[in-house]
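Listed below are the residues making up each chain.
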Amino acid sequence: MDYSKYNKAEAIPEAASMIETFRAIGYNLEAAIADIIDNSISARAKNIYISRIWRGGQSVITIKDDGEGMNSNEIIQAMRPGAQNPLSDRSETDLGRFGLGLKTASFSQCRKLSVLSKRKDEIPAFWSWDLDYVAQSDKWELLQWIPEEFANELDSLPSGTLVVWSDLDRVLPTQTAETDDSAKRKFSDTLDKVKNHIAMTFHRFIEDKTIKIFWGEHEITAWNPFCPNESKTQEQPTENINSGVKIKGYVLPHKNNFSSEQAYKKAEGINGYPAQQGFYVYRGKRLLLAGDWLGLFRKEEHYKLVRIQIDLPNKLDTEWQIDIKKSKAYPPAVCREQLESYTKSVRAVGSEIYRHRGKILKQRAGQNFQPLWLEKKKDNKWSFVVNREHLMIQDLKSLAKEKPEQAIEKLLKFLEEAIPTKTIYINEAQDEEMQKTPFSDIDITLIKEVLLLMYNNQIAQGKTPAQAKALLKIQEPFNNYEDLIDELK
Ligand SMILES: Nc1ncnc2c1ncn2[C@@H]1O[C@H](COP(=O)(O)OP(=O)(O)O)[C@@H](O)[C@H]1O
Ligand SMILES: [Mg+2]
């Protein structure tokens, strides 16, 4: 297209409204702070310090690093939304992508973002975005301002960067009093979640000692979702799929096989075992997504110990549709089949733990353990039958001679309670085994006998034959035997 032929008109975004839009990208606090930490890691920081200062509505969060830092012009460049083209290639270790993170992550939490930074052998420089000023002036203008108390914050470091978030209107109401204890507790709980999120998101950096992250005075320890140090963790082989993507499954030990109760509790993670099952997607060493089956499977109770690591090189950002918040990914069609088949095999190992547990419990009770329900297999189809050898069934039969109603009620109650739902559930999910169709091999004379019994009783109670038959036709499973019902006399 020959652009020179056409008239042009500038359509520059309105600063005041556009910058408010950045706030709506939907970061939560933990994802926002992780995005700031990404920048520190990309700037080769060794130490990252996160501080939160409680002052009620005027509370402040700061993230400081000892990375390469920026000079004044570089800060201005860094503060420009979309400073870097998302399509340009990034180095393997660069965790950024859209040139937006610093701004969008910050604005999603606060109205004032200040950056103080210093390159080696240079004096520190600082710039701030103040959303109130942008709203007032409607200009894309930074202020050369930083909260007074932080102006000397980098003096002790050769180089580094300090990010300050003040006016945290998305974290807590700005009119909150400093003395408001319940708000203080909430603030502290919210931040505890952030700490756990960081321990997980950056665990590989912490483990290989690339970085140390300090939470106030304390160093954050890594939380590895795969418990590689637990001796009973079952590591699965690594598989290479499609253009540099690697996948490796882990099945965590059953509760009783963890080294300690405490270790089991810790391994659970922020959201608990059932929720933490799934894929853990890493871009470089950075965790993007934790415990998500990426739409390929559903979360199910008996797979709760299954966690699968997926490693993506950052050149696949577009194919995997990595979003701005770096908290979403979608496997492209070419990967899906391999992902699915690998995952099925790991999930089978995971559910085996529960089958196995069942067997152990049975053995423990001695050799003649008598379950109420027995699993039966015929022609590769499974079904469950009531165990006629069970002592209680024998005894209820004799009780039935004297107190039939009581006996039947007791029997039904126990059968209801003991339905082996868990095993049924596991069987159901393993598609190679099939459930026997109910009533498919039942003796037809038994059905006829019971039908006749029920029919005669209805007639004895004064129903007409038509009424009795209509009633039988709506009783499971006799609704399937209309012909037999019509034949009744
Ligand atoms: N802590 C930091 N240390 C050094 N440079 C930084 C830091 N934070 C941000 N920058 C610079 O600002 C740029 C923009 O950051 P950001 O908005 O997060 O986008 P992206 O990370 O996608 O490049 C980065 O590419 C980097 O050059
Ligand atoms: Mg970034």
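As a convention, each chain's residues are numbered from 1 in the sequence order in which they are written. Starting at A for chains and at 1 for ligands, labels are handed out in the order in which the entities are written. pLDDT decides what is reported in this predicted model: residues at 70 or higher carry local features, side-chain atom pairs at 80 or more are listed and counted, and totals for whole chains, interfaces and linings draw on all residues regardless. Side-chain measures were taken over the full set of non-hydrogen atoms in the model, leaving aside hydrogen atoms and water.

**Describing the side chain of Asn387**
In step 1: Helix and strand definitions here come from DSSP, where helices need a minimum of 4 consecutive H or I residues and strands a minimum of 2 consecutive E residues; each element is numbered from the N-terminal end. Positionally, Asn387 belongs in the loop between strand S15 (381–386) and helix H11 (391–402).
In step 2: In protein, a polar contact means a hydrogen-donor-capable atom and an acceptor-capable atom, both N or O and within 3.5 Å, with residues adjacent in sequence counting only if both atoms are side-chain atoms; elsewhere, any N or O pair within 3.5 Å suffices. Within the structure, Asn387 has its side chain in polar contact with the backbone nitrogen of Glu389 (distance 3.0 Å).
In step 3: Residues are treated as being in contact if the distance between any of their heavy atoms lies within 4.5 Å. The residues touching Asn387, leaving out its near neighbours within four places in the chain, are Gln370, Pro371, Leu372, Leu374 and Ile393.

**Brief notes about the packing of helix H14 (residues 444–460) against helix H15 (residues 465–472)**
In step 1: For helices, the fitted axis covers only the stretch in contact; all axes are lines through C-alpha atoms, and the angles between them, taken along N-to-C directions, range from 0 to 180 degrees. In the contact formed by H14 and H15, the axes pass within 9 Å of each other and the chain directions differ by 135°. Here H14 lies oblique to H15, going by the angle between them. Remark: the crossing between H14 and H15 carries right-handed chirality. Residue-level inspection shows Leu451, Met454, Tyr455, Gln458 and Ile459 of H14 in contact with H15, the latter providing Pro465, Ala468, Lys469, Leu471 and Leu472.
In step 2: Residues are sorted three ways: Asp, Glu, Lys and Arg are charged, Ala, Val, Leu, Ile, Met, Phe, Trp, Tyr, Cys and Pro are nonpolar, and all the rest, Gly among them, are polar. Among the residues making up the contact of H14 with H15, the classes are represented as eight nonpolar, one polar and one charged. Relative orientations are named as follows: roughly parallel for angles under 35 degrees, roughly antiparallel for angles over 145 degrees, roughly perpendicular for angles from 65 to 115 degrees, and oblique for any other angle. Here a crossing is called left-handed whenever its near helix is offset anticlockwise from the far helix by less than a right angle, and right-handed whenever the offset is clockwise.

**Concerning the domain arrangement of the chain**
By a widespread convention, an interface's size corresponds to the accessible area lost as its parts come together.
In step 1: Each domain's extent is set by a domain assignment, obtained either automatically or from a database. What the domain assignment reports for the chain is domain 1 (15–219), domain 2 (234–361), domain 3 (373–435) and domain 4 (444–487).
In step 2: Between the C-alpha centres of domain 1 and domain 4 there is a distance of 75 Å.

**A closer look at the sheet that holds strand S5 (residues 160–166)**
In step 1: Ordered by their spatial adjacency, seven strands build an open sheet running S4-S3-S5-S2-S1-S6-S7, and the pairing between neighbours is mixed. The sheet is open, and its two edges are formed by strand S4 (125–130) and strand S7 (218–219), each paired on a single side.
In step 2: Note that strand S3 (residues 112–118) and S4 share six bridges and pair antiparallel. Looking at S4, one finds that Lys112 is bridged to Asp130.
In step 3: Against the sheet, helix H6 (residues 181–201) touches strand S1 (47–53), strand S2 (60–65) and strand S6 (212–215), its axis set at about 170° to S6. A pair of strands is labelled paired if DSSP reports no fewer than 2 bridges between them.

**Remarks on a nonpolar patch on the surface**
In step 1: Note that patches include only residues with greater than 30% relative accessible area and no salt bridge, and the join distances are 9 Å for like charges and 5 Å for nonpolar side chains (Val, Leu, Ile, Met, Phe, Trp, Tyr). In these tables, accessible area is a Shrake-Rupley quantity obtained with a 1.4 Å probe, and a residue counts as shielded only by the protein chains included in the view. The working definition used for a salt bridge is a side-chain nitrogen of Lys or Arg within 4 Å of a carboxyl oxygen of Asp or Glu. On the surface, Met1, Tyr3 and Tyr6 cluster together into a nonpolar patch covering about 440 Å² of accessible area.
In step 2: Burial classification: accessible surface area is computed with a 1.4 Å probe over protein chains only, and a residue below 20% of its type maximum counts as buried, one above 50% as exposed, and the rest as partly exposed. Given a relative accessible area of 57%, Tyr3 falls into the exposed group.

**Quick look at the sheet that holds strand S14 (residues 373–378)**
In step 1: Across the sheet, which stays open at both edges, the three strands sit in the order S14-S15-S16 with mixed pairing between neighbours. The sheet terminates laterally at S14 and strand S16 (434–435), the two strands that pair on one side only.
In step 2: Pairing of S15 with S16, which is carried by two bridges, proceeds in the parallel orientation. Its bridge partner being in S16, Lys381 is matched across the sheet by Met434.

**Details of the pattern of salt bridges**
In step 1: Per the stated rule, a full pass over the model turns up 21 salt bridges.
In step 2: Between Glu74 and Arg119 there is a salt bridge, with the nearest N and O atoms lying 2.7 Å from each other. Here Glu74 is found in helix H3 (residues 72–79), whereas its partner Arg119 is found in the loop between S3 and S4, with 45 residues between them in sequence.
In step 3: A salt bridge links Lys473 to Asp486; its shortest N-O distance comes to 2.9 Å. Note that Lys473 is positioned in the loop between H15 and helix H16 (482–487) and Asp486 in helix H16, a separation of 13 residues in sequence.
In step 4: Residue Lys473 is classed as partly exposed on the basis of its relative accessible area of 24%.

**Brief notes about the pairing of strand S13 (residues 306–312)**
In step 1: The buried fraction of S13 amounts to seven of the seven residues, a majority that puts the element mostly inside the structure.
In step 2: With burial as the criterion, each face of S13 is covered, one bearing Val306, Ile308, Ile310 and Leu312 and the other bearing Arg307, Gln309 and Asp311.

**Focus on the nonpolar core**
In step 1: Counting residues in hydrophobic clusters, the biggest one holds 59 residues, and the most contacted among them are Ile33, Ile37, Leu113, Trp165, Ile198, Phe202 and Ile213.
In step 2: Viewed by domain, this core spans two of them, domain 1 (15–219) and domain 2 (234–361), each represented by three or more residues.
In step 3: Excluding its chain neighbours within four sequence positions, the residues that come into contact with Phe202 are Ala34, Ile37, Asp38, Ile41, Ile211, Ile213 and Arg286.
In step 4: Within the second largest apolar cluster, 36 residues are counted, among which are Phe297, Val306, Ile310 and Val346. The nonpolar core is taken to be a set of buried Ala, Val, Leu, Ile, Met, Phe, Trp, Tyr and Cys residues, with the residues joined through side-chain atoms within 4.5 Å.

**Quick notes on unusual backbone geometry**
In step 1: Of note, the amide linkage connecting Glu476 to Pro477 takes the cis form, showing an omega dihedral of -5°.
In step 2: In this structure, Pro477 sits in the loop between H15 and H16.
In step 3: Positioned with a positive phi, Asp121 is a non-glycine residue whose angle comes to about 65°.
In step 4: With a relative accessible area of 72%, Asp121 lands in the exposed category.

**Overview of the pairing of S14**
In step 1: Here S14 runs beside S15; their pairing, made up of six bridges, is antiparallel. Bridging from a neighbouring strand, Lys378 pairs with Lys381 of S15.
In step 2: Counting the residues in the hairpin turn of S14 and S15 gives two residues, including Asp379, whose phi is positive at 50°.

**Here we look at the environment of Ser159**
In step 1: Within the secondary structure, Ser159 is located in the loop between helix H5 (131–137) and S5.
In step 2: Ser159 has contacts with Asp65, Asp66, Gly67, Glu68, Lys118, Arg119 and Lys120, leaving out every residue within four places of it along the chain.
In step 3: A polar side-chain atom of Ser159 sits 2.6 Å from the main-chain carbonyl oxygen of Gly67.

**Some thoughts on the packing of helix H2 (residues 29–42) against H6**
In step 1: Interaxial distance between H2 and H6 falls to 9 Å at its minimum, and their mutual angle equals 45°. Taken as axis vectors, H2 and H6 run oblique relative to one another. Between H2 and H6 lies a crossing whose hand is right-handed. Side by side, H2 and H6 meet where Leu29, Glu30, Ala31, Ile33, Ala34 and Ile37 of the first sit next to Thr190, Leu191, Lys193, Val194, His197, Ile198 and Thr201 of the second.
In step 2: Partitioning the contact of H2 with H6 into residue classes produces eight nonpolar, three polar and two charged.

**Looking at the packing of aromatic side chains**
In step 1: Two aromatic rings, drawn from Phe, Tyr or Trp (for Trp, its six-membered ring), form a pair once their centres lie within 6.5 Å of each other, and the interplanar angle then sorts them: stacked below 30 degrees, edge-to-face above 60, tilted otherwise. Counted by the stated rule, this structure contains 14 aromatic pairs.
In step 2: An angle of 80° between the planes, with centres 6.2 Å apart, marks the rings of Trp129 and Trp140 as edge-to-face. Highlighted residues: Trp129 in strand S4 and Trp140 in the loop between H5 and S5, separated in sequence by eleven residues.
In step 3: Classification of Trp140 by relative accessible area gives partly exposed; the value is 33%.
In step 4: Plain terms: the ring middles of Phe202 and Phe205 are 6.1 Å apart, the flat faces sit at 55° to each other, and that makes the pair tilted.
In step 5: Taking relative accessible area as the criterion, Phe205 reaches 5% and is therefore assigned buried.
In step 6: Through a chain of ring-to-ring contacts, three or more aromatic side chains come together here, namely Phe22, Phe107, Trp129 and Trp140.
In step 7: Lysine and arginine charges are scored as sitting over a ring when NZ or CZ, respectively, is within 6 Å of the ring centre and within 35 degrees of the ring normal. The cationic tip of Arg204 hangs over the ring face of Tyr282; the distance from NZ or CZ to the ring centre is 4.3 Å.
In step 8: The positively charged end of Arg347 is found above the aromatic ring belonging to Trp293, 5.1 Å away from the centroid.

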